[in-house]
Amino acid sequence: MDRFQAMTTFIRVVDTGSFSAAARQMNVGQPAVSKIVAQLEERLGVRLLTRTTRGLSPTEAGQRFYDHAGLSLMEADEADLAARGAGKGLTGQLRISAATTFARLHVVPKLPAFLAEHPDLNLEVILDDRVIDMVREGIDVSLRMGALPDSTATARKLAAGRRSVLATPAYLARAGTPQTPAELAGHEAVVYTHYETPIWTFQGAAGGEASVAVGGRLRVSAAEGVRAAVLADIGLTVASDWMFSPELESGAVVRVLENWALPPLDLWALFPTGRLASTKARSFAEFMLAAMRG
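The structure reproduced in this document is the subject of the present report. (Residues numbered from 1 in each chain as written. Predicted model: local features only at pLDDT ≥ 70, side-chain atom pairs only at ≥ 80, totals over all residues. Heavy atoms only, no water.)

**Description of the nonpolar core**
- Core analysis: the largest hydrophobic core is formed by 28 residues, its most contacted members being Phe102, Leu143, Leu267 and Phe284.
- Residue assignment for this core shows that the elements contributing at least two residues are β3 (91-98), α5 (100-107), α6 (111-117), β5 (141-145), β6 (154-161), β15 (265-271) and α11 (279-293).
- It is α11 that contributes the most residues to this core, seven residues altogether.
- Leu143 has contacts with Ser97, Ala98, Ala99, Phe102, Val107, Leu158, Leu267, Trp268, Ala269, Phe284 and Met288, leaving out every residue within four places of it along the chain.
- Val14, Ala23, Leu48 and Leu73 belong to the second-largest nonpolar core, a separate cluster that totals 20 residues. (Core = buried A, V, L, I, M, F, W, Y, C linked by side-chain atoms within 4.5 Å. Buried < 20%, exposed > 50% of the residue type's maximum accessible area, 1.4 Å probe, protein only. Helix = DSSP H or I, 4+ residues; strand = E, 2+ residues; numbered from the N terminus. Contact = heavy atoms within 4.5 Å.)

Structure follows, in structure tokens:
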């Protein structure tokens, strides 16, 4: 039995909660995964897994094995990198998750440089606006914006993005340009339900705070839909400048109420809870930190 393969397989089974999910992640058949775990239990002479209503979970012995196996695999990866030298680059596979629009505009265009730096590394990018279970999905590093979904997660702040009230010149020509936050109540607002509520709170350049409950007939759950609605001149929205960076540069979308500030939107690199971040995950976070500063 290949001990490293057995440890990797067992960790995947525990993380995903089932043989079938682990098999899908590893691109092998479920019987092969079951056989490896059975052989591992036979070699160790203990039961490592027990079945519950939520799937498979580790026994006490299984949890101890899981913890030590994870550290062993991490140390093996570090040893490989140390032997090759930093100039040889990273190897294997790195699974990244990010919000769809942010990844399309600000992550994927930067990947050629990262891939060129690490020619032996394969990337899998999972695009989803939802906050996903990193452990269950086998994600090494997740790029997320806004408040952290789990205060216990290991996270690194990469950047803070400006948020603005944005609209097309055509919409403003039709509906007028608001001069104060209070005037937003009379405008069509496209609300991004993933981050925003219908109440927008501003800080004035001269001090003071203003909150306004915006109206509008369109609420959208994905950033791509918000972009499409604003670019179709349906209404104005509050969004990070990241979401509309090409249009802000070209003038297809403009900022309004620039004397009033909204809280910034933070960008984070999240690593699986309870795990040491791998060298590959840390390297990608460092790469994105430098890229966002640039």
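Let us keep going from here.
**Thoughts on the sheet that holds strand β12 (residues 237-240)**
- Here we have three strands laid out as an open sheet, ordered β12-β7-β13, and antiparallel in their pairing. The open sheet has two edge strands, β12 and β13 (254-256), and neither has a second partner. The average undirected angle you get between the axes of adjacent strands in this sheet is 60°.
- Examined bridge by bridge, strand β7 (residues 163-167) and β12 share four bridges and lie antiparallel to one another. (Pairing = 2+ DSSP bridges. Axes fitted to C-alpha atoms, helices over the stretch in contact; angles between N-to-C directions.)

**Considering the sheet that holds β5**
- The strand order across the open sheet formed by five strands is β4-β3-β5-β15-β6, and the pairing between neighbours is mixed. The sheet is open, and its two borders are formed by β4 (120-127) and β6, each paired with just one other strand. When the angles between neighbouring strand axes are averaged without regard to direction, this sheet yields 20°.
- Across three bridges, β3 lies against β5 in parallel orientation. If you follow Ile96 over to β5, its bridge partner there is Val141.
- Here α5 sits on the sheet in contact with β3, β4, β5 and β15, set at roughly 105° to β5.

No statement about biological role is implied by the geometric values presented.
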